[in-house]
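Reading the structure
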Amino acid sequence: MSLLRISVLFPVLLLSALPLHASVRITKEDRRIVLANDQLSVTLRLESGRFSLSAHDRVLVNDGYWSQVGRRSDGKDVARTGPAKPPVLTIDPATNGGERGEVALRFAPAGAEGGLPCEVEMRYTLGRDSSTLFVTSTWRHGPGMPGFTIGEARHAMKLNGELFDYLAVDEKRHGRMPSGADWDRAEPLNLKEARRIISGPSAGKAEHKYGYSAMIARAPAYGWASSQKELGIWLINPSAEYLAGGPTKMELTGHLDVNRGGTPVLLNMWHGSHYGGSSLHIADNEVWSKVIGPFAVHVNTGAGPEALWRQAIVQSSMEKAAWPYSWLRLPEYPDKAARGSVKGVFQAGTNQPSHGSVLIGLAADPATTLRRGLSGTVDWQRNSRDYQFWTTASPGFEIPNIRPGEYTLYAIADGRPGEFSKAGIRIEPGQTLDLGTLEWKAETSHRTLWQIGTADRSAGEFRRGNEAGTWGLYYQFEKDFPEGVNFTIGISDPAKDWNYAHCGITTEGRRGSQSSTWNVHFDLPEVPGEEVSLRLGIAGNRSPSGVIVGVNGQPAGTTGPMPDTAVMHRDAVRGAWFERRVPLPPGLLKPGRNTLSLMVPVQSWPDGVLYDFVRLEVAEESHVSGQTAPAE
């Protein structure tokens, strides 16, 4: 490529002055900028911010781009950014011996014609001898700008389908993928994103993008590799601070494009609408900003697909150790010296959960929102407008590199329902705040008579729960439970006798569905004298009416309508978590054998409820002689 005379947009860069051995080079053509070293070459399109990426004389990324879906307060959509402004060379390789180069593409807030009403900046950064491209975007909103609500926002890369044929997400999901031709010939299933492959090595397999969803804040590296060319491209998040929903948020990672050609796709879903969704609502004239990233697009070569993925995981550890990056200079991005940390010891009750099973983090307080005339609460599971910082406690913990500000400290633990919270945690620049010992005291208001499942915010321990990601598990219910679910406390096995989803009775190819009633049989030596209630942890829900409860053939109450988290039809076992308590009317229970029934009214095949746990509780004041031990 010829080196053209540099534009006034880059007044500090003189291409003729660049030493020939400089590792990072930046050149500008009419409507493009090329950022390159000896390993990668990135071509940026000035008017849109889209890019392509090449390595070793091969095109890896045909099209990389940011996208968002939502509405402004004036009713216009936000799909596009505003008009492009002159780009800026934010790190000039001519001044650092070719050590690093960075280009910022800038876009004005979209005007009355519609578009994203934010000032947007997209930065692309490349270092010497590095096969990693760093991508960052900053949104800035302020006076004079309409408010907006985002439903989905992501960074997407459409890859070279002639190269990439192997997708790796985690230990259970890494392997050869169908080709684009296989996808085109495949038979449609019940979702536009799902098809049954009929040709190639994957013939007979149902393929769909939701099969590769993951808790992305805890996915160290995921991406695609080429079986033939020994080449890989991976998405790495050095920090999850900007990702919506904290450490339990499920989102898409990579898949075959649903359109013709089945192009390999690699995603960074920083704000997602799936599995309970995320909330990002900004008011008219509100002063707000968010830095999205930096995240890494890492390229490696010279081994088979699995080895390349393992190396990318090692690379992710190196990136996490290097974060926050000193080279990223943004007013909204505090450097390491300007951040603080918090440490302490966390005791999660009398039975301390096992190592790594306690998640503890800092996030914003819950907020109340109003949308379509309905109010709702946005907790850390759905928060996308603020930053979050999480780690594990075992029982000591330390969370480093926290942005200054005021937070609430939260904790969740496998084996314990609910969550711990401590408000008013103030983080100062350069400070290490020692919280001492925090104790999540055991619940004393109710005692457990019996419990089905483990309180871990997942339905993974139940029948077929270990097959999460496999398309159409709900169609197996009628075959697995021809007589329905009849679970006997103390005898039945949750892994075999309790389905992962309380779905309707339906079969593949049929849109309708029939409601099913599940029964739980249990013995009581005597009737408790105080209030008895059914406590349900909900790992996923799409049911118009919630769960209807009966006891010994009599109506006993209902959860009422519950939030739609759209988990089951995406073949997952967890989404945004919540719980419901249904007090049982006096007089329904009896000494000896009792039967509790659960019925989920369904209208079509996607309807169903995924239980995290089902627990019968009695108020603390009552005494139940000979009660069964809690099934934790």
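Note that the structure is predicted; figures quoted are calculated from it, not measured.

1. Here we look at the pairing of strand β30 (residues 405-413)
Buried residues dominate β30, accounting for 8 of its 9 residues. Two strands pair when backbone bridges link them, and strand β25 (residues 358-363) and β30 are joined in this way by 6 bridges, in the antiparallel orientation. Within β30, the residue paired with Val358 across the bridge is Ala413. Pairing geometry for β30 and strand β31 (residues 416-427), over 7 bridges, is antiparallel.

2. Remarks on the environment of Pro178
Examined against the element boundaries, Pro178 turns out to sit in the loop between β12 (174-176) and α1 (180-185). Between the C-alpha atoms of Pro178 and Ser273, which are 95 residues apart in sequence, the distance is 26 Å. Contact partners of Pro178, with chain neighbours within four places excluded, come to Ile197, Ser202, Glu207 and Leu256.

3. Examining the nonpolar core
Formed by 104 residues in total, the largest nonpolar core has its most connected members in Tyr124, Trp139 and Phe346. Take this core: its biggest share by element is 7 residues, from strand β23 (residues 288-301). Leave out the neighbours within four places in its chain, and Tyr124 touches Leu35, Leu44, Gly49, Phe51, Trp66, Gly101, Glu102, Val103, Leu105, Leu133, Phe134 and Val135.

4. Quick word on the packing of aromatic side chains
Scanning all chains against the criterion turns up 23 aromatic pairs. A centroid spacing of 5.9 Å and a plane angle of 70° characterise the contact between Trp66 and Phe295, whose relative ring orientation is edge-to-face. In this pair, Trp66 is assigned in strand β5 (residues 58-72) and Phe295 in strand β23, connecting sequence segments 229 residues apart. Phe295 matches Trp66 in its accessibility class, with the two residues each being buried. Between Trp498 and Tyr611, the ring centres sit 5.9 Å apart and the planes meet at 50°, which makes this aromatic pair tilted. Within this pair, whereas Trp498 is found in the loop between α4 (494-497) and β35 (502-503), its partner Tyr611 is found in strand β42 (residues 608-619), the two being separated by 113 residues in sequence. Classification of Trp498 as buried rests on a relative accessible area of 0%. For Tyr611, a relative accessible area of 1% puts it in the buried group. Among the aromatic residues, those joined into a cluster by ring pairs are Phe462, Phe477, Phe481, Phe487, Trp498, Trp518 and Tyr611. Note that Arg50 overlies the ring of Tyr65, its terminal NZ or CZ placed 4.4 Å from the centroid. When the ring centre of Tyr333 is taken as origin, the NZ or CZ atom of Arg339, which lies over that ring, is 5.2 Å away.

5. Some words on the sheet that holds β12
An order of β6-β7-β8-β9-β23-β18-β17-β11-β12 is seen for the 9 strands of this open sheet, with the pairing classed as antiparallel. Only two strands of the sheet have a single partner each, and these edge strands are β6 (84-91) and β12. For this sheet, the mean inter-axis angle between neighbouring strands, taken without regard to orientation, is 15°. Across 5 bridges, the pairing between strand β17 (residues 222-226) and strand β18 (residues 231-236) is antiparallel. Of the residues in β18, the one forming a bridge with Ala225 is Gly232. Sitting on the sheet, helix α2 (residues 305-322) touches β9 (132-141), β11 (166-168), β12, β17, β18 and β23, and the angle it makes with β18 is about 35°.

6. Thoughts on the side chain of His141
Assignment of secondary structure puts His141 in strand β9. Among the polar contacts made by the side chain of His141, one reaches the main-chain carbonyl oxygen of Glu286 at a distance of 2.6 Å. Contacts of His141, omitting those with residues within four sequence positions, involve Pro117, Cys118, Pro146, Gly147, Phe148, Ile282, Ala283, Asp284, Asn285, Glu286, Val287 and Trp288.

7. Re the sheet that holds strand β32 (residues 432-439)
Taken in spatial order, the 3 strands of this open sheet run β29-β24-β32, and their pairing is mixed. Every interior strand has two partners, whereas the edge strands, β29 (396-402) and β32, have only one. For this sheet, the mean inter-axis angle between neighbouring strands, taken without regard to orientation, is 15°. Bridge count between strand β24 (residues 340-347) and β32: 6 bridges; the pairing is parallel. By the bridge assignment, Val342 is partnered in β32 with Leu433.

8. Some details on the environment of Thr432
Here Thr432 lies in strand β32. By relative accessible area, Thr432 is classed as partly exposed at 44%. Thr432 sits 92 residues away from Gly340 along the chain, and the two C-alpha atoms are 5.8 Å apart. Apart from the residues within four sequence positions on either side, Thr432 is in contact with Ser341 and Lys343. Looking at Thr432, its side chain comes within polar contact range of the side chain of Ser341, at 2.9 Å.

9. Quick look at the confidence of the model for the chain
Looking at the chain as a whole, the pLDDT averages 92, with 92% of positions reaching at least 70. Low pLDDT, under 50, characterises residues 622-632; the stretch is placed with 27 contacts to residues that sit more than four places away or in other chains.

10. Some thoughts on the pattern of salt bridges
On inspection of all chains with the given rule, the structure shows 41 salt bridges. The partner of Arg310 in a salt bridge is Glu171, and the shortest N-O contact between them spans 2.5 Å. Taken as a pair, Arg310 in helix α2 and Glu171 in the loop between β11 and β12 lie far apart in primary sequence, 139 residues in all. The class of Arg310 is partly exposed, set by a relative accessible area of 30%. Take Glu171: its relative accessible area is 52%, and that puts it in the exposed class. Note that Glu508 is salt-bridged to Arg196, the shortest N-O span being 2.8 Å. A residue pair is termed long-range when its members are at least 10 positions apart, and Glu508 in the loop between β35 and β36 (516-524) and Arg196 in strand β14 (residues 194-196) qualify at 312 residues. Arg196 sits in the partly exposed class, given a relative accessible area of 21%. Connected through shared salt-bridge partners, Lys85, Glu102, Arg106, Glu119, Glu121, Arg123, Arg140 and Glu332 make up one network.

Cut-offs used in this document
- Residues numbered from 1 in each chain as written.
- Predicted model: local features only at pLDDT ≥ 70, side-chain atom pairs only at ≥ 80, totals over all residues.
- Heavy atoms only, no water.
- Buried < 20%, exposed > 50% of the residue type's maximum accessible area, 1.4 Å probe, protein only.
- Helix = DSSP H or I, 4+ residues; strand = E, 2+ residues; numbered from the N terminus.
- Pairing = 2+ DSSP bridges.
- Contact = heavy atoms within 4.5 Å.
- Core = buried A, V, L, I, M, F, W, Y, C linked by side-chain atoms within 4.5 Å.
- Phe/Tyr/Trp six-rings, centres within 6.5 Å; stacked < 30°, edge-to-face > 60°.
- Lys NZ or Arg CZ within 6 Å of the ring centre and 35° of its normal.
- Axes fitted to C-alpha atoms, helices over the stretch in contact; angles between N-to-C directions.
- Polar contact = N/O pair within 3.5 Å; in protein donor to acceptor, adjacent residues only side chain to side chain.
- pLDDT = per-residue confidence, 0-100.
- Salt bridge = Lys/Arg side-chain N within 4 Å of Asp/Glu carboxyl O.

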